[in-house]
Amino acid sequence: MKLEVETTCPTQWRFEYQSNDPALDDLYERAKKDQWNVSVDIPWDQGLREDSDVFKRAETAITQTKFFNSLTEQTQSDLLANQAAFMLSQFMHGEQGALLCCGQLVDCVPSIEGKLYAATQVMDEARHVEVFHRYLGLLDRSYDIAGGLKDVLDAILAADSWQAKCVGMQIMVESLAMGTFRNMMIQAEDPILQSIVRLTAQDETRHVAFGILSLSEEIPKMPEEDRIALEDFALAALGILQGRGGGGGGANAGQAAIDAGIDPQEMRDAIAKERKEATGQSFKTEQRSVLHEYMVPNLAKVGLISDRIRPQYQEYGLIREA
Ligand SMILES: [Fe+2]
Ligand SMILES: [Fe+2]
C-alpha cells in the first residue's frame, strides 16, 4: 500500500495576528476547553465483558436474519466481533487521515484564526487515533484500511487547495463520521465504547462546524471556475465513498466473514434474498441515510450543490426531490 502522498498545496504565512472571525474564535475557545485525555477519561479499568457483544444485537441488522440465526453461537459471536473490529479499524485509519489532513490545514488555511483552530483539531485527531487503537487492542483484532476509504483520503491529502481539503475532510469525511457516531451511540453495548463514541463525537461536531463556518464564507467569494472544480471534487469523492470507481486495493469488509469461517458472497446473497422477500430494501440502507442526513445537507449548506450539479446528485439517489 502506498504510504506517500504528494501535494502541491502551498504553505502560507500570515502576519496579521488579529482575528476577524468571532465565530471561529469562539470555536477555538471551546476546543481548548473541551480537550480530554484518552488515558484518564475512558473507563479502561472496567475491561471488556466476556459475554457481551461490542454492539447490541437488537440494533444490528444482520442478527435479525435467518442466515445469522442458522449459524452456531460461536460463529455468531465471531462474526459480530470481526465486523465490529472491521468498522472500528476503519475509524482508526480514518482518524489518521484526519490527523494528516488537519496538519496540512494548519499550513495552508490563509487566516490566523483558521490556523489556530486547526491546530486544536490536530490534537483532537491524534487523540482519536490513540483511542481507537487502544480499543482495538482490547478486542485483540484489527483490519487494514478499506480501499475506498484510502482512495478518498488520498484524494483529499493530494488536493492542491485548502478549500478542497476542507470540503473533503471537514464537510464530507467529518459528516460521515458524525452520522456513523450517532448510530453507534445507539448501537454500542460496551460502556467503554459508549464513552469513546460520546467524547469523540463531541470533538467531531466542532470539526464539522469549522468546515461550515470557513467554507460558507469562502465559497461565495470564489471565482466561478474554482467553485465548479470544488463541486466536481466533492461529487467525485462521494462517488468513491459510495463505491463508484476506486477501491482497488486495501481491505474488504468480506474479510470479517472469512475470518469467522463464512463465505462472504454466500452470506451477502442469502441476506439480500431474505431482505428482498421481506421488505424490498437493499443492503445499503443505513449507510445511505448517513449520506442523506449529514453529508449532502452540509454540502448544500456551504453552497456546493448548484443547479448545475444537482441532477447528478439526483441520479445517484443522494437527493430525492425532483
Ligand atoms: Fe476525528
Ligand atoms: Fe475530526
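Structure shown above.
What you see is a predicted model; the values in this text were computed from it and never measured.

Engineer: Please explain the coordination of the iron ion (ligand 2) as it appears in this structure.
Structural biologist: Octahedral six-donor coordination of a metal ideally yields angles of 90 or 180 degrees, compared with 109.5 degrees for tetrahedral four-donor coordination. For the iron ion (ligand 2), the full set of protein donor atoms is E125 (OE), E174 (OE), E174 (OE), E204 (OE) and H207 (ND1), at a range of 2.0 to 2.5 Å. All donors of the iron ion (ligand 2) come from a single chain, and their spacing in sequence reads E-x48-E-x29-E-x2-H. Taken as a pair, the iron ion (ligand 2) and the iron ion (ligand 1) lie 3.1 Å from each other and share E125 as a ligand. Separated by 30 residues along the polypeptide, E174 in helix α7 (residues 162-187) and E204 in helix α8 (residues 191-218) bring together distant segments of the chain. Each of the two residues, E174 as well as E204, counts as buried.

Engineer: What is the right way to look at the state of the cysteines in this model?
Structural biologist: By definition, a disulfide links two cysteine residues through a covalent bond between their sulfur atoms. Scanning the entire structure with this criterion turns up 0 disulfides. Cysteine C101 shares no disulfide, and the gap to the nearest cysteine sulfur, in C102, comes to 6.7 Å. Using a relative accessible area of 0% as the deciding quantity, one classes C101 as buried.

Engineer: Explain the coordination of the iron ion (ligand 1) here, please?
Structural biologist: Only E95 (OE), E125 (OE), H128 (ND1) and E204 (OE) from the protein coordinate the iron ion (ligand 1), and they sit 2.0 to 2.2 Å from it. Around the iron ion (ligand 1), the 4 donor atoms are arranged such that angles at the metal cover 90 to 151°; this shape is classified as irregular. For the iron ion (ligand 1), all donor residues lie on one chain, and their spacing in sequence is E-x29-E-x2-H-x75-E. Residue class for E95 comes out buried when judged on its relative accessible area of 4%. Residue class for E125 comes out buried when judged on its relative accessible area of 0%.

Engineer: Sorry if this is basic, but what is going on with the packing of aromatic side chains here?
Structural biologist: Two aromatic rings, taken as a pair, are described by how far apart their centres are and by the angle between their planes. A full pass over the atoms with the stated rule returns 6 aromatic pairs. Ring plane angle 15° and centroid distance 6.2 Å describe the contact between F132 and F181, whose orientation is recorded as stacked. Here F132, found in helix α5 (residues 112-139), pairs with F181, found in helix α7; they are 49 residues apart in sequence, far enough to count as distant. Judged on exposure class, the residue F132 and its partner F181 are both buried. Taken together through their ring pairs, the aromatic side chains of F91, F132 and F181 make up a single cluster.

Engineer: So what exactly am I meant to see when it comes to the pattern of salt bridges here?
Structural biologist: A side chain of one charge can pair with a side chain of the opposite charge if their charged atoms are brought near each other. Counted by the stated rule, this structure contains 14 salt bridges. For R127, the salt bridge is made with D124, and the minimal N-O distance between the two is 2.6 Å. Of this pair, R127 and D124 are both found in helix α5, 3 residues apart, which corresponds to roughly one turn of the helix. On the accessibility criterion, R127 (2% relative accessible area) is buried. You can call D124 buried: its relative accessible area is 0%. Note that R127 is salt-bridged to D203, the shortest N-O span being 3.0 Å. Of this pair, R127 sits in helix α5 while D203 is found in helix α8, placing the two residues 76 residues apart along the sequence.

Engineer: Teacher, can you tell me more about the nonpolar core here?
Structural biologist: The tendency in soluble globular proteins is for nonpolar side chains to be buried as a group. Counting 55 residues, the largest nonpolar core has V167, M172, L215, L238, L299 and Y313 as the members making the most contacts within it. Of all the elements in the fold, those that place two or more residues in this core are α1 (22-33), α4 (73-108), α5, α6 (147-158), α7, α8, α9 (224-241) and α12 (285-301). With 10 residues, the top contributor of residues to this core is α7. Discounting residues that sit within four places of it in the chain, M172 has contacts with V167, A234, A237, L238, M295 and L299.

Engineer: What am I meant to see in a nonpolar patch on the surface here?
Structural biologist: A cluster of nonpolar side chains, W13, F15 and Y17, forms an exposed patch at the surface whose accessible area comes to about 480 Å². With respect to the secondary-structure elements, Y17 resides in the segment before α1.

Engineer: Honestly, the packing of α4 against α5 in this entry has me stumped. Any pointers?
Structural biologist: Each packed pair of helices is defined by two parameters, the angle between the axes and the distance between the axes. Orientation of α4 relative to α5, taken along the N-to-C sense of each, is 160°, at an axis distance of 8 Å. By the angle between their axes, α4 is roughly antiparallel relative to α5. Regarding α4 and α5, the two cross each other, and that crossing is left-handed. The class makeup of the residues in the contact of α4 with α5 is 19 nonpolar, 6 polar and 4 charged.

Engineer: When you look at helix α11 (residues 264-278) in this model, what are you seeing that I'm missing?
Structural biologist: Helical geometry: 3.6 residues make up each α-helical turn, so side chains three or four residues apart lie on a common side. Its 15 residues place the ends of α11 21 Å apart at the C-alpha level, agreeing with the 21 Å of an ideal helix rising 1.5 Å per residue. Within α11, burial applies to P264, M267, I271 and E274. When α11 is viewed along its axis, its buried side chains cluster within an angular range of 100° and face the same direction. Facing away from the buried side of α11 by over 90 degrees, the exposed positions are E266, K273, K276 and E277. Packed against the buried residues of α11 are α3 (66-69), α4 and α10 (254-258). With a side-chain oxygen lying 2.8 Å from the backbone nitrogen of Q265, the N-terminal cap of α11 falls on D263.

Engineer: What's the story with the side chain of T65 in this structure? I'm lost.
Structural biologist: Structurally, T65 can be placed in the loop between α2 (38-41) and α3. By relative accessible area, T65 is classed as buried at 5%. At 3.1 Å, the side chain of T65 forms a polar contact with the backbone nitrogen of F68. Residues contacting T65, with those up to four places away along its chain left out, are I271 and E274.

What counts and what doesn't
Residues numbered from 1 in each chain as written. Chains lettered and ligands numbered in written order. Predicted model: local features only at pLDDT ≥ 70, side-chain atom pairs only at ≥ 80, totals over all residues. Heavy atoms only, no water. Donors = N, O, S within 2.8 Å, 3.2 Å for Na, K, Ca; no water. Helix = DSSP H or I, 4+ residues; strand = E, 2+ residues; numbered from the N terminus. Buried < 20%, exposed > 50% of the residue type's maximum accessible area, 1.4 Å probe, protein only. Disulfide = S-S within 2.5 Å. Tetrahedral: all angles 85-135°; square planar, octahedral: opposite > 155°, others 65-115°. Phe/Tyr/Trp six-rings, centres within 6.5 Å; stacked < 30°, edge-to-face > 60°. Salt bridge = Lys/Arg side-chain N within 4 Å of Asp/Glu carboxyl O. Core = buried A, V, L, I, M, F, W, Y, C linked by side-chain atoms within 4.5 Å. Contact = heavy atoms within 4.5 Å. Patch = residues over 30% accessible without salt bridge, like charges linked within 9 Å, V, L, I, M, F, W, Y side chains within 5 Å. Areas by Shrake-Rupley, 256 points an atom, 1.4 Å probe, with all protein chains shown as cover. Axes fitted to C-alpha atoms, helices over the stretch in contact; angles between N-to-C directions. Parallel < 35°, antiparallel > 145°, perpendicular 65-115°, else oblique. Left-handed = near helix turned anticlockwise from the far one by under 90°. Nonpolar A, V, L, I, M, F, W, Y, C, P; charged D, E, K, R; others polar. Expected span 1.5 Å × (residues − 1). Arc of directions from axis to C-beta. Polar contact = N/O pair within 3.5 Å; in protein donor to acceptor, adjacent residues only side chain to side chain.

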